[in-house]
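Architecture at a glance
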Amino acid sequence: MNNIKILCLSTALTCTSCSVGPDFKLPNVLMPSKWKNGGSVSTADIPVPGEWWKLFGSAELNRLEERAMANNEQLRGALARVETARALVGVQQASWFPTLNMRDAMQYERLSQSSFGANLPPGVALPKTQRRRFQNLLEEGWEIDVWGRVRRAVEGSKAAQLGAMETLSARRLTIASEVARLYFLAHSLDRQIDVVIGTRTWREEALKLQESRFRGGLANEMDVARARTELEIAHSDLAALQRQRGNAENALAVICGEIPSNFRLAKNSHAMHPPKVPGGLPSTLLQRRPDIRAAEQSMREANAKIGVAAASFYPAFSVNGTGGLESIGTNNFYDQKSKIMTIGPSMTLPIFQGGKLKANLRSAKAGYDETLANYRQTILLALQEVEDSMLDAGAYAKQAASLNAAIAAAQETQRLAQLRYDKGLASYFEVVDANRTVLNTQLLAAQVEGQRLMASVAMLKALGGGWQ
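To keep things clear, this report deals only with the structure shown in the data block. (Residues numbered from 1 in each chain as written. Predicted model: local features only at pLDDT ≥ 70, side-chain atom pairs only at ≥ 80, totals over all residues. Heavy atoms only, no water.)

1. Section: the overall build of the protein chain
Check the secondary structure of the protein chain and you find 10 helices and 6 strands. The globule rule puts the C-alpha radius of gyration for 468 residues at 23 Å, and the 38 Å found for the protein chain is more than 25% above it. In the protein chain, which comprises 468 residues, the proportion classed as buried is 39%. Relative to all contacts within the protein chain whose residues are 6 or more apart in sequence, the contacts with residues 24 or more apart total 85%. Across the protein chain, the centroid of the 55 positively charged side chains sits 7 Å from that of the 45 negatively charged ones. (Helix = DSSP H or I, 4+ residues; strand = E, 2+ residues; numbered from the N terminus. Rg over C-alpha atoms; globule rule 2.2 N^0.38 Å. Buried < 20%, exposed > 50% of the residue type's maximum accessible area, 1.4 Å probe, protein only. Contact = heavy atoms within 4.5 Å. Lys, Arg positive; Asp, Glu negative; His and termini not counted. Charge placed at Lys NZ, Arg CZ, Asp CG, Glu CD.)

And the structure:
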């Protein structure tokens, strides 16, 4: 009956207990009402799809994203961290329940004859000082969470679990955007390679023509040397582009979790255009960006640690008990007289800890201040990334339009220079210079096309992608 009363009292104390320490409140953050560069890009008022890369309409990009999501080793590591955090929640929740352990022990004891005999009355014979003690016990313990120490610890571990899940989402978004970036980089390099190959073919024909003209006495050695120089420069440019394209392909292989030597990316030099990117308001970043949500969970975890540290100043209540069999020797081990039992509540009150508890509380509060600063900094960086990506997208669109006009003008200049040279009105240097201008303008246009696509990827990533 007494045991039942004790358990009832413990339950009542637990139910009426409070949680010390501050309750978490999301801090106020000043967010802009609109984007500074939002008017310079093509946006649409539609939600970002979960698989946002499908907006680009590339079947090969979709396949690469699927391979990366399935095989990337960094994602597997982040998923393992989520499982670790989930298991640690169970570790903290276990503190709510009583513990029950079984202990079997056999001890050999030898008592000091001089010290033990000194305490015996005169004439009393000294008992055996060597003996064996046997124990078979059940040990029970239960901390009564009066001040919410356990609840705060569970609260913190759950926040850590959610933070790990948000970090996994952020990692997925980063991996997906890197796959898209490398894919469009390779696409841009394919287009540049086609431009250089076309220029190389033109220069090979030009060299043959100059050599023929030289043999016929219609050109000098300088024109032949200049034509050969331009052809070798084209060979050099092609080798450099092929090297860069190979590096992008190898990087894609690693992200997709594959061996670079076994990975091949099909050539794609078809023209591609960036899609309309869902815009949204700046305030939606707080919900859409997984890195911001992860920073919020870090604050929640740090706030809960303050409660755990504050609870250590208060008395700790627990119910402990031991019951079982104990005897000296084995003859009477299972007799009724070998039974033992102890059970009862206990209280531990910290009186002097040398400043340890205060220092621990200061540390917890400082840790929260650090996570608060990280949270605000994460928001600022997110806003900067969106503004930068919008600025880049708008600038590249204007640059692409200008380059298209420049290519047409450069090709007309080359045609006129060739015509003047054929009529003997200009030197071959004019033809070479005009061809070089066409090449550089076409290369720059291919680069800008890739940069426009990559800027769209950066904008989708900065806006939080479509991960829920």
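2. Some points on the packing of aromatic side chains
Using the criterion set out here, one finds 6 aromatic pairs in the structure. For the ring pair Phe 56 and Phe 184, a centre distance of 4.9 Å and an interplane angle of 55° mean the geometry is tilted. Here Phe 56 is found in the loop between strand S1 (43-44) and helix H2 (59-71), whereas its partner Phe 184 is found in helix H5 (residues 149-215), with 128 residues between them in sequence. The class of Phe 56 is buried, set by a relative accessible area of 8%. (Phe/Tyr/Trp six-rings, centres within 6.5 Å; stacked < 30°, edge-to-face > 60°.)

3. Focus on helix H9 (residues 356-422)
Helical geometry: 3.6 residues make up each α-helical turn, so side chains three or four residues apart lie on a common side. Relative to the 99 Å expected for 67 residues at 1.5 Å per residue, H9 spans 92 Å between its end C-alpha atoms, a close match to the ideal helical length. Backbone geometry just after H9 places Gly 424 at a positive phi near 80°. (Expected span 1.5 Å × (residues − 1).)

4. Quick notes on the packing of helix H6 (residues 221-255) against helix H10 (residues 428-462)
Two elements in contact, H6 and H10, have axes separated by 10 Å at closest approach and are oriented at 10°. The orientation of H6 with respect to H10, classified from their angle, is roughly parallel. Considering how the two elements wind past one another, H6 and H10 form a crossing that is right-handed. Across the interface between the two elements, Asp 223, Arg 226, Ala 227, Glu 230, Asp 237 and Leu 241 from H6 touch Tyr 428, Phe 429, Val 432, Arg 436, Leu 439 and Leu 443 from H10. When grouped by side-chain class, the residues that make up the contact of H6 with H10 number 7 nonpolar, no polar and 5 charged. (Axes fitted to C-alpha atoms, helices over the stretch in contact; angles between N-to-C directions. Parallel < 35°, antiparallel > 145°, perpendicular 65-115°, else oblique. Left-handed = near helix turned anticlockwise from the far one by under 90°. Nonpolar A, V, L, I, M, F, W, Y, C, P; charged D, E, K, R; others polar.)

5. A few points about the sheet that holds strand S3 (residues 130-144)
Spatially, 4 strands are ordered S2-S3-S5-S6 in an open sheet, and the strand pairing comes out antiparallel. Edge positions in the sheet fall to strand S2 (99-110) and strand S6 (339-348), since each has one partner strand and no second. The mean inter-strand angle of the sheet, taken between neighbouring strand axes irrespective of direction, is 20°. (Pairing = 2+ DSSP bridges.)

6. Regarding the pattern of salt bridges
Across all of its chains, the model carries 28 salt bridges by this definition. Arg 151 serves as the salt-bridge partner of Asp 145, at 3.5 Å between the closest nitrogen and oxygen. With a relative accessible area of 25%, Arg 151 lands in the partly exposed category. Here Glu 166 ties to Arg 293 by a salt bridge, and the two come within 2.9 Å at their closest N and O atoms. With Glu 166 in helix H5 and Arg 293 in helix H8 (residues 290-311), the pair connects residues that are 127 residues apart, well separated along the chain. Here Glu 166 matches Arg 293 in class, with each residue buried. Connected through salt bridges with shared partners, the residues Glu 109, Arg 131, Arg 133 and Glu 326 form a single ionic network. (Salt bridge = Lys/Arg side-chain N within 4 Å of Asp/Glu carboxyl O.)

7. Points about the layout of surface pockets
Empty space within the largest pocket amounts to approximately 260 Å³. Forming the walls of the largest pocket are 15 residues, and the residues nearest its centre are Arg 191, Asn 404, Ala 445, Ala 446 and Glu 449. Elements with a minimum of two residues in the lining of the largest pocket: H5, H9 and H10. If you tally residues by element for the lining of the largest pocket, the top one is H10, at 6 residues. (1 Å grid on protein atoms, 1.4 Å probe; cavity = no way out; pocket = protein on both sides within 12 Å on 5 of 7 lines; lining within 4 Å. Points joined across faces, edges and corners; volume = space filled by probe spheres on them.)

8. Remarks on the environment of Asp 335
Structurally, Asp 335 can be placed in the loop between strand S5 (316-328) and S6. Residue classification places Asp 335 among the partly exposed positions, given a relative accessible area of 32%. Placed 10 residues apart in sequence, Asp 335 and Leu 325 show a C-alpha to C-alpha distance of 8.7 Å.

9. Some words on the side chain of Gln 414
Within the fold, Gln 414 resides in helix H9. When neighbours within four sequence positions are excluded, Gln 414 is seen to be in contact with Trp 202, Ala 434, Asn 435 and Val 438.

10. A few points about the packing of H9 against H10
As a packed pair, H9 and H10 sit with axes 7 Å apart at the nearest point and diverge in direction by 160°. Compared by their axis directions, H9 and H10 come out roughly antiparallel. Note that H9 runs across H10; the crossing there is left-handed. A per-class count over the contact of H9 with H10 returns 23 nonpolar, 11 polar and 6 charged.

11. Points about the side chain of Glu 230
Within the secondary structure layout, Glu 230 lies in helix H6. Apart from residues lying up to four places away in sequence, Glu 230 is in contact with Arg 203, Val 432 and Arg 436.

12. Points about a nonpolar patch on the surface
Residues Met 347, Leu 349, Ile 351 and Phe 352 make up a contiguous nonpolar surface patch of roughly 520 Å² in combined accessible area. Assignment of secondary structure puts Ile 351 in the loop between S6 and H9. (Patch = residues over 30% accessible without salt bridge, like charges linked within 9 Å, V, L, I, M, F, W, Y side chains within 5 Å. Areas by Shrake-Rupley, 256 points an atom, 1.4 Å probe, with all protein chains shown as cover.)

13. Overview of the environment of Gln 192
In this structure, Gln 192 sits in helix H5. The class for Gln 192 is buried, based on a relative accessible area of 6%. With 49 residues separating them along the chain, Gln 192 and Leu 241 place their C-alpha atoms 7.5 Å apart. Beyond its immediate chain neighbours, meaning those up to four positions away, Gln 192 contacts Leu 241, Leu 443, Ala 446 and Gln 447.

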